[in-house]
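Fold and geometry: a report
Letter by letter, the chains look like this.
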Amino acid sequence: MKKKIITCLLSTTLLIPAVAHAEETKATQNTANASKPTNVSIASQKPGWVQERGYWYYYDKNGNRVTGWLNSGGKWYYLYDYSGIMQTGWTAIKDKNTGVKKWYYFDKNTGALQTGWIKENNHWYYSDNSGVQQTGWLNNGGKWYYLDSFGIMETGRVSINNVYYYFDKNSGAMQTGWIQEYGSWYYYNNNGAQHKGWLYLGGSWYYLDSYSGYMRTGWALIDNKWYQFNNNGVWIG
């Protein structure tokens, strides 16, 4: 009888540490499992605009980065085709239909597409209502402007297709009529083209040099004949 009691006590003594160890191991496993995050994409927790490493991205409701054109809050943005980085400043974007690259300007702070007159590095540019940079002749507000092949607004005396035009040095608007520059007078017709040769205006005759277009005064040899013009350029004999 004593032998049975001793055996039973010994078994109990050995069993208790084993059970305790098993419970401890299970508790440790449960703690480890509880601390392990669920495998959820970080991006999916960031809908909308997100700044990462100094760049702005836009995530859709599924947590995917948006690329290409994006309309957000009523404004247009462009997210680079491969990385999704929001573009700023002048950006060339290829037209998917024609394959032709067109230039657009995005605000350097907000990234929003800009239209109308844009000043960049002391030069003026113009983008139409769709945001495309314009070149060549532009009629805006009833006035004519000329934007060179880089889109820069021209000012002063400019040769276009071998014809001189004059654009206001401040506003860039094309000028007509009499223009004084560098101490000489020039005349620009109603279409803006510089006039050369004889000019009848206001009941008087003038002569604009056939080479440079400046108004002649005093004596001038024209077609092998001498003509005299007063200080206002009017022919007097």
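Residues numbered from 1 in each chain as written. Predicted model: local features only at pLDDT ≥ 70, side-chain atom pairs only at ≥ 80, totals over all residues. Heavy atoms only, no water.

1. Regarding the overall build of the protein
We apply this condition: Only runs of H or I of at least four residues qualify as helices and only runs of E of at least two qualify as strands under DSSP, and these elements are numbered from the N terminus. Classification of residues uses two cut-offs on accessible area relative to the type maximum, computed with a 1.4 Å probe and protein chains only: under 20% is buried, over 50% is exposed, and between them is partly exposed. Two residues qualify as a contact provided that any one of their heavy atoms is within 4.5 Å of a heavy atom in the partner residue. Reported accessibility uses the Shrake-Rupley method at a 1.4 Å probe radius. Residues are deemed covered only where the shown protein chains occlude them.
Within the protein, the secondary structure is distributed over one helix and 18 strands. Counting only residues that meet the buried cut, the protein has 34% of its 237 residues in that class. The contacts of the protein with a sequence gap of at least 6 include a subset with a gap of at least 24, amounting to 26%. Of the roughly 16,200 Å² of accessible surface on the protein, a fraction of 50% belongs to carbon and sulfur atoms.

2. Brief notes about the nonpolar core
Cut-off, in case you're wondering: Nonpolar cores are built from buried Ala, Val, Leu, Ile, Met, Phe, Trp, Tyr and Cys residues. Side-chain atoms within 4.5 Å join them into one set.
Counting residues in each nonpolar core, the largest one holds seven residues, listed as Tyr146, Val158, Ile160, Tyr165, Phe167, Met174 and Ala193. Mapped by element, the contributors of at least two residues to this core are strand 11 (156-160) and strand 12 (163-167). Setting aside residues no more than four positions away along its own chain, methionine 174 makes contact with Trp137, Trp144, Tyr165, Tyr166, Phe167, Asn191 and Gly192.

3. Focus on the UniProt feature "repeat: Cell wall-binding" (unreviewed entry) in the protein
To keep it simple, the criterion reads: UniProt positions are given in the numbering used here, feature names are shortened, and annotations may be inferred rather than shown by experiment.
Residues annotated by UniProt as "repeat: Cell wall-binding" (unreviewed entry) correspond here to residues 46-65, 87-112, 114-133, 134-153, 175-194 and 216-235. Within residues 114-133, the helical portion is 0% and the strand portion 50%, while the C-alpha atoms at the span's ends are 10 Å from each other. Helix makes up 0% of residues 134-153 and strand 50%. Its end C-alpha atoms lie 10 Å apart.

4. What to know about the packing of aromatic side chains
Selection criterion: Ring geometry is summarised as follows: Phe, Tyr and Trp rings, the Trp one being its six-membered ring, pair when their centres sit within 6.5 Å, and such pairs are stacked at plane angles under 30 degrees, edge-to-face over 60 and tilted between the two. Any Lys NZ or Arg CZ found within 6 Å of a ring centre and within 35 degrees of that ring's normal is scored as a charge over the ring.
If you walk through the whole model with that rule in mind, you get 26 aromatic pairs. Aromatic side chains tryptophan 137 and tyrosine 165 sit 5.1 Å apart centroid to centroid with 75 degrees between the ring planes, which places their arrangement in the edge-to-face category. Residue tryptophan 137 is found in strand 9 (residues 136-140), and its partner tyrosine 165 is found in strand 12; the two are separated by 28 residues along the sequence. Judged by its relative accessible area of 35%, tryptophan 137 falls in the partly exposed class. Judged by its relative accessible area of 13%, tyrosine 165 falls in the buried class. When the ring of tyrosine 166 is compared with that of tyrosine 188, the centres are 6.0 Å apart and the planes differ by 45 degrees; the resulting orientation is tilted. Residue tyrosine 166 is located in strand 12, and its partner tyrosine 188 is located in strand 14 (residues 184-188); the two are separated by 22 residues in the primary sequence. Residue class for tyrosine 166 comes out buried when judged on its relative accessible area of 9%. Following the ring pairs from residue to residue traces out a cluster consisting of Trp198, Tyr200, Trp205, Tyr207, Tyr227, Phe229 and Trp235. The side chain of arginine 65 reaches across the aromatic face of tyrosine 57, ending 3.8 Å from its centre.

5. Points about the environment of threonine 176
Counting through the fold element by element, threonine 176 comes out in the loop between strand 12 and strand 13 (177-181). Residue classification places threonine 176 among the partly exposed positions, given a relative accessible area of 40%. Threonine 176 sits eleven residues away from tyrosine 187 along the chain, and the two C-alpha atoms are 7.2 Å apart.

6. Structural notes on the pairing of strand 1 (residues 48-52)
Keep this limit in mind: A pair of strands is treated as paired once DSSP finds two or more bridges between them.
Bridge count between strand 1 and strand 2 (residues 55-59): five bridges; the pairing is antiparallel. Directly across from glycine 48, in strand 2, lies its bridge partner tyrosine 59.

7. What to know about unusual backbone geometry
Even without glycine at this site, asparagine 121 takes up a positive phi of about 55 degrees. Among the secondary structure elements, asparagine 121 is positioned in the loop between strand 7 (116-120) and strand 8 (123-127). Overall, asparagine 121 belongs to the exposed group, its relative accessible area being 62%. Phi is positive for asparagine 161, close to 55 degrees, though the residue is something other than glycine.

8. Describing a nonpolar patch on the surface
Operational definition: Patch definition: residues with relative accessible area over 30% and no salt bridge; like charges joined within 9 Å; nonpolar side chains (Val, Leu, Ile, Met, Phe, Trp, Tyr) joined within 5 Å. Think of a salt bridge as a Lys or Arg side-chain nitrogen and an Asp or Glu carboxyl oxygen that are within 4 Å of each other.
Where nonpolar side chains cluster on the molecular surface, the patch consists of Tyr200, Trp205 and Trp235 and spans about 340 Å² of accessible area. You can see tryptophan 235 is positioned in the segment after strand 18 (225-229).

9. Observations regarding the environment of valine 234
Here valine 234 shows up in the segment after strand 18. Judged by its relative accessible area of 18%, valine 234 falls in the buried class. Taking the C-alpha atoms as reference, valine 234 lies 9.8 Å from glycine 203; in sequence the two are 31 residues apart. In contact with valine 234, other than residues within four places in its own chain, are Ser204, Trp205, Tyr206, Gln228 and Phe229.

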